[in-house]
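Each chain is listed here by its residues.
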Amino acid sequence: AFVPISSHYPFFTKIVRDKWLLRLSIQGNATSIHEACSHRDHGAEESIGSLLSRAESRTFQILDQFQGTGKGSQITTSSEAVIEWQEAFEVICENRGKVLGVKTGWVDVDRTFHGLNPDGQGELLMIGGFPGMGKTGAGVSLLENIAVDQKISTGVFPLEMGKVGWMHRLVLGRSGVDISVSRNGHLQKSHHGPIAHAQRDIKDSPIFWDDASFCDCDELRARVTMMVRRHGVKVIIIDHFGQLRASTREGKGDKVRGQIEIMETLHELRRTLGITIILFVQLTKEGREKQTRNKPPDNGDVKGAGEMIEYPTMIGFLHRPVVVRPWTALDEETQGRWEQITRDFRHDFPEAWHDGSGLTPGMYSY
């Protein structure tokens, strides 16, 4: 309340802040000690890993405060908010038509939304699909575009298939070798060069793998925070929601409450750390019937949709028509209609367009 000399003000505030950080450290460590000592009281309900993850998370929160990046209690005036918005808006206008965020490699998505997380405030992209619809393939495609091509540090949680399964698709896909080689081993001499080049590209890419088969909220929070702090990770890919678990007793005992806890954790991470999180989810069996009628899925087809669709900033779906005809099998009227629909796309991104000539069996039109 009283400072004798104004020039000493920064010195006194540093003392107050340092003591406050020490108190936070004492409080956090005391909580960790208490939980460790009373862990046996909870029986087998909580794993040691979950307890250690919470302790690590507390430490990172204190580090946030020390580094001045803690966003939990930041309050700004309307005047400050307007200035911040103006600066962000000027950047958008100065880069008209350019992708400011993370490029997905899906041209229409990048063009429409300026990429993922263009404002740096965090993004939670949920991608839904039925089993066998290609969720893992989509995840590998995103990983290749983001980490291998753009060299953006990316953390991957291949909870369903595992790291090796993803690497099969990543290496062979980038080298142009059929994925069946990873099963039957029929490798040709012509494959060696492309595979070697793909291996080199991927080896030099900033990809960080967490190869656990399941992950609860506390563990996820700690592992993601560690990736961000230690490796500068900007994007997290999780495949898929079904392998995430709640940490609290309430979440474990009630499925709906558990889903809410998981989504709240993801929302907290993307807002607090300002990162992009890409989450793959399964769709309901009822929605599968729509697929057979060639109707694309919607938000209501997400399992637990009432609780889950409130948190993502963007929601997308993988949809493959039941019947796909080769371009050469389309009549002139249908070809003309598709050319009209894709005219702007072909003009803006000629390198991403194929006119259908010389298609081999299995290659289809857009």
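Once that is clear, we can look at the environment of H319. Looking at the element boundaries, H319 is found in the loop between β8 (314-317) and α14 (332-341). In this structure the C-alpha to C-alpha distance between H319 and G128, which are 191 residues apart in sequence, comes to 9.2 Å.

Considering all chains together, one arrives at two aromatic pairs under this definition. Measuring from centroid to centroid gives 4.9 Å for W85 and F89, while their planes differ by 15°, and the two rings are stacked. With W85 and F89 both in helix α3 (residues 78-94) and four residues apart, this pair spans about one turn of that helix. Note on F89: relative accessible area 39%, which makes it partly exposed. Ring centres of W166 and W209 lie 6.4 Å apart, and the angle between their planes is 80°; on these two criteria the pair is classed as edge-to-face. Placement of W166 in helix α6 (residues 163-175) and of W209 in strand β3 (residues 207-209) is noted, with a sequence separation of 43 residues between them.

Let us look at helix α5 (residues 135-149). The end-to-end C-alpha distance of α5 is 20 Å, a good match for the 21 Å that 15 residues give at a rise of 1.5 Å each. Counting buried residues in α5 gives eleven out of 15 residues, a clear majority hidden from the surface. Every buried residue of α5 is accounted for by K135, T136, A138, G139, V140, L142, L143, E144, I146, A147 and V148. Taken from the residues just after α5, K151 is the one with a positive phi, measuring 60°.

Mapped onto the elements of the fold, Q259 is located in helix α11 (residues 255-273). Looking at Q259, the relative accessible area reads 10%, which means it is buried. With residues near it in sequence (within four places) discarded, Q259 still touches F241, K303, G304, E307 and M308.

The buried fraction of strand β1 (residues 123-129) is high, at seven of seven residues. Taking every second residue as pointing to the same face, both faces of β1 are buried, with E123, L125, I127 and G129 on one and L124, M126 and G128 on the other. Taken together, the seven bridges between β1 and strand β7 (residues 276-282) define a ladder with parallel strand orientation. Note on β7: the bridge partner recorded for G128 is V281. When β1 meets β8, the two strands line up parallel, connected through four bridges. Among the inter-strand pairings, L125 is bridged to a residue of β8, identified as M314.

Quick look at unusual backbone geometry now. Look at the link from D239 to H240: it is a cis peptide, with omega at 0°. Within the element layout of this structure, H240 appears in the loop between β5 (235-239) and β6 (244-245). Within the chain, N117 stands out as a residue other than glycine whose phi angle is a positive 55°. Inspection of the secondary structure assignment puts N117 in the loop between α4 (107-113) and β1. A residue is classified by how much of its surface remains accessible, and N117, at 12% relative accessible area, is buried. A positive phi angle is found at K151, which is not glycine, with a value near 60°. Relative to the helices and strands, K151 is located in the loop between α5 and β2 (154-157).

Since the α-helix turns once every 3.6 residues, residues separated by three or four places project in the same direction. The first and last C-alpha atoms of helix α9 (residues 217-231) sit 21 Å apart over 15 residues, in line with the 21 Å expected at 1.5 Å per residue. Among all positions in α9, only C217, D218, E219, L220, R221, A222, V224, T225, M227 and V228 are buried. For α9, the capping residue at the N-terminal end is D216, with a side-chain oxygen 3.2 Å from the backbone nitrogen of D218. Note on α9: the residue one or two positions beyond its end, G232, has a positive phi of about 65°.

The next subject is the sheet that holds β3. An order of β3-β2-β5-β7-β1-β8 is seen for the six strands of this open sheet, with the pairing classed as parallel. The sheet is open, and its two borders are formed by β3 and β8, each paired with just one other strand. Adjacent strand axes in the sheet meet at a mean angle of 20° when their direction is disregarded. In the sheet, β5 pairs with β7 via five bridges, with the strands oriented parallel.

Further remarks concern a negative patch on the surface. On the surface, E80, E84, E87, E90 and E94 cluster together into a negatively charged patch. When you line up the elements, E90 lands in helix α3.

Definitions and cut-offs
- Residues numbered from 1 in each chain as written.
- Predicted model: local features only at pLDDT ≥ 70, side-chain atom pairs only at ≥ 80, totals over all residues.
- Heavy atoms only, no water.
- Helix = DSSP H or I, 4+ residues; strand = E, 2+ residues; numbered from the N terminus.
- Phe/Tyr/Trp six-rings, centres within 6.5 Å; stacked < 30°, edge-to-face > 60°.
- Buried < 20%, exposed > 50% of the residue type's maximum accessible area, 1.4 Å probe, protein only.
- Expected span 1.5 Å × (residues − 1).
- Contact = heavy atoms within 4.5 Å.
- Pairing = 2+ DSSP bridges.
- Polar contact = N/O pair within 3.5 Å; in protein donor to acceptor, adjacent residues only side chain to side chain.
- Axes fitted to C-alpha atoms, helices over the stretch in contact; angles between N-to-C directions.
- Patch = residues over 30% accessible without salt bridge, like charges linked within 9 Å, V, L, I, M, F, W, Y side chains within 5 Å.
- Areas by Shrake-Rupley, 256 points an atom, 1.4 Å probe, with all protein chains shown as cover.
- Salt bridge = Lys/Arg side-chain N within 4 Å of Asp/Glu carboxyl O.
- Lys, Arg positive; Asp, Glu negative; His and termini not counted.
- Charge placed at Lys NZ, Arg CZ, Asp CG, Glu CD.

Read these as layout, nothing more, since geometry by itself doesn't imply function.
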